[in-house]
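A closer look at the structure
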Amino acid sequence: GDSAAIRKLLAAVRSLASSSLPVLITGETGSGKELVARALHGEGPRHADPFLSLGCAALSPELVEAELFGYTRGAFTGAEADHAGLMASARGGVLFFDEVGELSIELQAKLLRVLDRGLVRPLGANEEIEVNARLLFSTHRELGILADEGKFRRDLLYRLSAFEVRVPPLRERKADLGLLVAFFTTGLARKLGKPIQGFNTASMQ
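Here is a short report on the structure shown in this document. (Residues numbered from 1 in each chain as written. Predicted model: local features only at pLDDT ≥ 70, side-chain atom pairs only at ≥ 80, totals over all residues. Heavy atoms only, no water.)

**So, the overall build of the chain**
Within the chain one finds nine helices and seven strands. Structurally, the chain occupies a C-alpha span of about 65 × 40 × 30 Å along its principal axes. A buried classification covers 40% of the 205 residues belonging to the chain. Here the contacts in the chain between residues at least 6 apart in sequence split such that 70% fall between residues at least 24 apart. Surface summary for the chain: the accessible area is close to 11800 Å², and the carbon and sulfur share equals 53%. Between the averaged position of the 25 positive side-chain charges in the chain and that of its 25 negative side-chain charges there is a distance of 6 Å. (Helix = DSSP H or I, 4+ residues; strand = E, 2+ residues; numbered from the N terminus. Buried < 20%, exposed > 50% of the residue type's maximum accessible area, 1.4 Å probe, protein only. Contact = heavy atoms within 4.5 Å. Areas by Shrake-Rupley, 256 points an atom, 1.4 Å probe, with all protein chains shown as cover. Lys, Arg positive; Asp, Glu negative; His and termini not counted. Charge placed at Lys NZ, Arg CZ, Asp CG, Glu CD.)

The following block contains the structure:
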């Protein structure tokens with residue numbers, strides 16, 4: 001896009017990309033929050049290292065904890081081998097929490113400790129390991145309202161919202177519609193092998 005809203009967004013990405021601090025990316029579902037997270041990774045000093053993503057809404061709290069912190073062999077039924085977890089696997093790179101507002105209160109407390117201390121303890125382990133990953137977060141929900149309802153820790157919200165990037169919905173950047181249509185039309189023409197030239201005025205309207 002080239003609208004004022006997108007130029008403002010890109011300026012925010014450029015200003016935050018070189019930092020290692022957490023960033024909260026807010027916006028409606030489908031507005032492109034993960035694209036912003038990938039841009040922060042791609043434009044930053046960690047671009048050659050992993051970009052890993054955790055879908056907080058897609059897994060049960062137990063599975064999220066195991067995937068996030070890892071576990072040792074025998075930590076629970078079915079744990080037949082050590083599992084590093086995303087916190088350790090993202091070492092040097094970026095770990096993206098997609099829809100952080102869906103985390104349980106218990107996991108929010110553990111995440112806050114990671115942000116405060118930079119250490120994580122895998123399930124069943126006796127020792128903690130250092131976290132060397134930049135943490136990025138997204139949400140389509142109003143975390144302040146969730147905090148008022150007791151569903152999100154206010155101290156965690158304070159830590160996450162220090163650097164916030166809002167992704168505008170398409171209705172706030174209609175000037176970008178022509179560029180988006182051209183982008184997707186070109187890709188569709190290539191995929192179908194058809195000489196699609198574009199849209200007429202009525203179709204664009």
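**Quick look at the environment of Ile145**
Along the chain, the position of Ile145 falls in helix α6 (residues 143-148). Along the chain, Ile145 and His83 lie 62 residues apart, while their C-alpha atoms are 35 Å from each other.

**Observations regarding helix α2 (residues 33-42)**
Of all the positions in α2, only Lys33, Val36, Ala37, Leu40 and His41 are classed as buried. Within α2, the buried residues cover an arc of 140° as seen down the axis, which keeps them to one side. (Arc of directions from axis to C-beta.)

**Remarks on unusual backbone geometry**
You will see that Glu99, though not glycine, has its phi angle at about 65°, which is positive. By secondary structure assignment, the location of Glu99 is in the loop between β3 (94-98) and α5 (105-117). Judged by relative accessible area, which is 11%, Glu99 ranks as buried.

**Considering the pairing of β3**
Most of β3 is tucked away, with four of its five residues classed as buried. Here strand β2 (residues 51-55) pairs with β3 via five bridges, running parallel. In the sheet register, Leu54 faces β3, and the bridge partner there is Phe97. (Pairing = 2+ DSSP bridges.)

**So, the packing of helix α1 (residues 4-17) against α2**
To describe two helices that pack against each other, one gives the angle between their axes and the distance between the axes. Contact geometry for α1 and α2: axes closest at 8 Å, N-to-C directions at 40°. Taken together, the axes of α1 and α2 are oblique relative to one another. The chirality of how α1 crosses α2 is right-handed. Facing Leu9, Val13, Leu16 and Ala17 of α1, the residues of α2 in contact are Val36, Ala39 and Leu40. Each residue belonging to the contact of α1 with α2 can be placed in one class, and the counts come to seven nonpolar, no polar and no charged. (Axes fitted to C-alpha atoms, helices over the stretch in contact; angles between N-to-C directions. Parallel < 35°, antiparallel > 145°, perpendicular 65-115°, else oblique. Left-handed = near helix turned anticlockwise from the far one by under 90°. Nonpolar A, V, L, I, M, F, W, Y, C, P; charged D, E, K, R; others polar.)

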